[in-house]
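What the coordinates show
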Amino acid sequence: MMYKSRNGLGKWALSAMLVVSLVAGCGKKDDAISQAAKQDAAKGIPAPGIAEVKAIAEEGFIYGLPVVMNYAVMYEYVIDRNSGQWKMPFNTLHNEHRVYTYQDTAVITPNSDTPYSMLWMDLRAEPMVISVPSVDKKRYYSVMLNDGNTFNYGYIGSRATGSDAGDYLIVGPGWQGETPAGIKKVLRSSTEFSAAIFRTQLFDAKDMPNVEQVQAGYKAQPLSAYLKQPPPPAAPTPDWPTLGKDAVKPRNDLVDAIDKLENKIFVTTEFFDYLDFALQFAPAGPEEHAIRARLATIGIGPGKKFAFKDLSAEHKAAILLGLMEGSRKVDEAVAAMGKSINGWRVASAFGDRAFYNGNWLLRAAAARAGIYGNDAVEAMYPMTKKLADGTELDGARHKYTLTFAKDQYPPVNAFWSVTMYDGKTQLLIKNPIDRYLINSPMLPSMKKNKDGSVTIYIQKDSPGKDKESNWLPAPDGPIYLAMRLYWPKTEPPSILPPGEGTWQPPALVEVQ
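In what follows, the accompanying structure is described. Note that this is a predicted model, so its numbers are computed, not measured. (Residues numbered from 1 in each chain as written. Predicted model: local features only at pLDDT ≥ 70, side-chain atom pairs only at ≥ 80, totals over all residues. Heavy atoms only, no water.)

Quick word on the nonpolar core
So the rule is basically this: Buried Ala, Val, Leu, Ile, Met, Phe, Trp, Tyr and Cys residues form a nonpolar core when they are joined through side-chain atoms within 4.5 Å. Each residue gets one of three labels from its accessible area relative to the maximum for its type: buried under 20%, exposed over 50%, partly exposed in between, using a 1.4 Å probe on protein chains only. Strands here are runs of E lasting at least two residues and helices are runs of H or I lasting at least four, both read from the DSSP assignment and numbered beginning at the N terminus. Contacts: residue pairs with any heavy atoms within 4.5 Å of one another.
Counting residues in each nonpolar core, the largest one holds 82 residues, and the members touching the most others are Met74, Tyr77, Trp120, Trp240, Phe272, Phe306 and Ile319. Ranked by the residues each element gives to this core, the list is headed by helix α3 (residues 50-79), at 18 residues. Apart from the residues lying within four places of it in its own chain, the contact partners of Met74 are Ile79, Phe90, Trp120, Phe193 and Trp240. Ranked by size, the runner-up nonpolar core spans 34 residues in total, among them Ile341, Val346, Met420 and Leu485.

Written out as structure tokens, the structure reads:
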């Protein structure tokens, strides 16, 4: 549990008492929640009390966390040119001719297996066309289409569409046009802004020029350019909310806010301000009407202005407690996700609208565990912070090994990897050999045991020159490990179906 491990039950109880002490205080009577209550009263709808405001804030945090996290990434990658993480403007394809390192911090649990190509699409004025080249069948690639709801609404690539060249039309939620000639498939985003994340397999460092050649064949253009027609009028530039730290890491900063009382008024947190903004580009699906209606009763929704800083003291207290409780539940859901197998959590947590079907807690847990993950059929992600007996992994105090028995590697059609992250930040760690993972293309250069098995040495210091080929450097503290099984096999042995497959990840062993 995040708050217990970080601050202890004493701080949690004290924080709660501090909030309760504010509930009776006087405050503004015309804030967003009070205004919503007046509007509802005019319709004969009873106004929510303080306890109900807290409950709605909790539900709203769980529902809105992936949406806000997605906005935070989009803001850093596409909008704020001074973010330090900026990649490209909208509707422009960006190719990374490298894999991610500890210096890439915009996305938690970043993939360091495959060089990324990225496209963030503004679909308001017109659709976009994504074109892919013919790719060698021995080289895995995928294009994951992920919208502002963090729904994976479609795939292009080795598994989904094959290795042949093709043109694909990406449309927004309201597009009603006809499919042009030459388009292989139409894929519809549920939001007006959407990302396309390209993953291209890299066999080794010397293979990068070949990857660059594949990336050069990826193309993105507006439909009008594809049809060689004049473009429609451009959509207006939104008044983008400036990204604040609360949007990215609310689970940490909300507790800090409790500690920073100024004249008995909480320090601002802008979580619902960001959600207000993002929802205007995300028409509600059938399963969203109930939660959107609940949020509207406290003044949250598309086109609204929640303005946490302008809330009364009692409403700030209720909102903050709701956010904290929602965040705690998300952390618990991450820890309990899927099934525990030899200490690894094996789950299926990513998918499209139908996959989630209104399970907002699962969607929030998936985003917090590692936003922009693939569907299970595209990639599986066994993850762990523990040994099989539940003991927390700690690189400052212990060394570990992970051994794959002979011919019992993860069963995949593409490739697999084991990636190391800092257990606190879920980011890649700086290390003396610039190695962030061990993957299947590295096997020929690794040492095998006499019985044909392969042992990975997981520790912060070198295991010795004779073992460095098998060394996965660990942080000087909590460890978070993630396997990636790209295009997992469906026939036995297989990790599918998630948690019930015939192949199981081996347990880590603490070295005495």
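Quick notes on the sheet that holds strand β9 (residues 219-222)
Consider a sheet: its strands pair through backbone hydrogen bonds, and that pairing is either parallel or antiparallel. Rules: When DSSP locates at least two bridges between a pair of strands, those strands are taken to pair. Fitted lines through C-alpha atoms give the axes, limited to the stretch in contact for helices. The angle between two N-to-C directions lies from 0 to 180 degrees.
Read from one edge of the open sheet, 4 strands run β7-β6-β3-β9, paired in mixed fashion. Each having just a single partner strand, β7 (183-188) and β9 make up the two edges of the open sheet. Direction aside, the axes of adjacent strands within the sheet are offset by 25° on average. Bridge count for strand β3 (residues 128-132) against β9 is 4 bridges, and the pairing is antiparallel. Considered in β9, the bridge of Ser131 is made with Lys219.

As for the side chain of Thr109
Here Thr109 shows up in the loop between β1 (94-95) and β2 (116-122). Exposure remark for Thr109: the relative accessible area of 7% places this residue in the buried category. In this structure, Thr109 is in contact with Ala369, Gly370, Tyr421, Gln426, Tyr480 and Arg484, ignoring residues within four places of it in sequence.

Brief notes about the sheet that holds strand β4 (residues 141-147)
The 5 strands lie next to each other as β1-β2-β8-β4-β5, forming an open sheet whose pairing is antiparallel. With one partner strand each, in any of the chains shown, β1 and β5 (152-157) form the two edges of the open sheet. With 5 bridges joining them, β4 and β5 adopt antiparallel strand pairing. Looking at β5, one finds that Val143 is bridged to Ile156. Sitting on the sheet, α3 touches β2, β4 and β8 (193-200), and the angle it makes with β2 is about 105°.

Looking at the side chain of Asp394
Threshold: Just so you know, the count uses Lys and Arg for positive and Asp and Glu for negative, and it drops His and the chain ends. Whenever Lys or Arg places a side-chain nitrogen within 4 Å of a carboxyl oxygen from Asp or Glu, that contact is recorded as a salt bridge.
Relative to the assigned elements, Asp394 resides in the loop between β13 (383-384) and β14 (399-404). Here Asp394 is buried and forms no salt bridge, its nearest opposite-charge partner Arg397 lying at an N-O distance of 4.4 Å. Excluding anything up to four places from it in sequence, Asp394 contacts Tyr400, Gly477, Pro478 and Ile479.

Observations regarding unusual backbone geometry
Most peptide bonds adopt trans geometry, and most residues besides glycine take a negative phi value. Residue Pro493 is reached from Pro492 by a cis peptide bond, and omega for that bond is -5°. Checked against the element boundaries, Pro493 lands in the loop between β19 (479-486) and β20 (508-511). Pro497 follows Leu496 through a cis peptide bond whose omega is -5°. Positionally, Pro497 belongs in the loop between β19 and β20.

Let's talk about the pairing of β3
Where burial is concerned, most of β3 is hidden: 5 out of the 5 residues are buried. The alternating pattern of β3 places Met128, Ile130 and Val132 on one face and Val129 and Ser131 on the opposite face, and all of these are buried. Pairing between β3 and strand β6 (residues 166-171): 5 bridges, direction antiparallel. Note that in β6 the partner of Ile130 across the bridge is Tyr168.

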